[in-house]
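Residues per chain are reported as follows:
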Amino acid sequence: MKANEDIFPVEVFDGTQWQAMLVKSLLENAEIETLLKDERMGILVPWNVDGGGAGPVKIFVSNLDAEKAREVIAQYEQAENS
């Protein structure tokens, strides 16, 4: 990493509480740190946080890990659709 390179969060996934926890686990197994947004809403009002709901649970990673995270998520989505 260059000394002047900025680090910032990048959204890489959104979905239901269950999907987000599964993807979070996959990313952490790949040694990618994650940050969840609206995680509590998935517990309190899950009908509002469904994939097509008002506010899905979102996963953020560092911009430095975003490409690797997208690869992990693509593998997950491919397996889910099979």
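In what follows, the structure referred to is the one given above.
Quick caveat: nothing in here was measured; it's all calculated off a predicted structure. (Residues numbered from 1 in each chain as written. Predicted model: local features only at pLDDT ≥ 70, side-chain atom pairs only at ≥ 80, totals over all residues. Heavy atoms only, no water.)

A. The arrangement of unusual backbone geometry in detail. Even without being glycine, glutamate 31 reaches a positive phi, approximately 65°. Glutamate 31 sits in the exposed class, given a relative accessible area of 71%. (Buried < 20%, exposed > 50% of the residue type's maximum accessible area, 1.4 Å probe, protein only.)

B. Structural detail: the nonpolar core. Membership of the largest hydrophobic core comes to 17 residues, with the highest contact counts inside it found for Val12, Phe13, Val23, Leu27, Ile59 and Val61. Of all elements in the fold, only strand 1 (9-15), helix 1 (17-29), strand 3 (57-62) and helix 3 (66-81) reach the threshold of two or more residues within this core. Looking at which element gives the most residues to this core, the answer is helix 3, with 5 residues. Setting aside residues up to four positions removed in sequence, leucine 27 forms contacts with Ile32, Thr34, Ile59, Val61, Ala69, Val72 and Ile73. (Core = buried A, V, L, I, M, F, W, Y, C linked by side-chain atoms within 4.5 Å. Helix = DSSP H or I, 4+ residues; strand = E, 2+ residues; numbered from the N terminus. Contact = heavy atoms within 4.5 Å.)

C. Structural detail: the environment of glycine 15. Mapped onto the fold, glycine 15 is located in strand 1. Assessed through its relative accessible area of 0%, glycine 15 is described here as buried. The sequence separation of glycine 15 and lysine 58 amounts to 43 residues, and the corresponding C-alpha distance is 6.7 Å.

D. Representation of the pairing of strand 3 within the structure. Extensive coverage of strand 3 is indicated by the burial of 5 of its 6 residues. Here 6 bridges tie strand 1 to strand 3, and the two strands are oriented antiparallel to one another. Opposite phenylalanine 13, over in strand 3, you have isoleucine 59 as the bridge partner. The pairing of strand 2 (residues 35-37) with strand 3 spans 3 bridges and is antiparallel. Pairing of lysine 37 across the sheet is with lysine 58, part of strand 3. (Pairing = 2+ DSSP bridges.)

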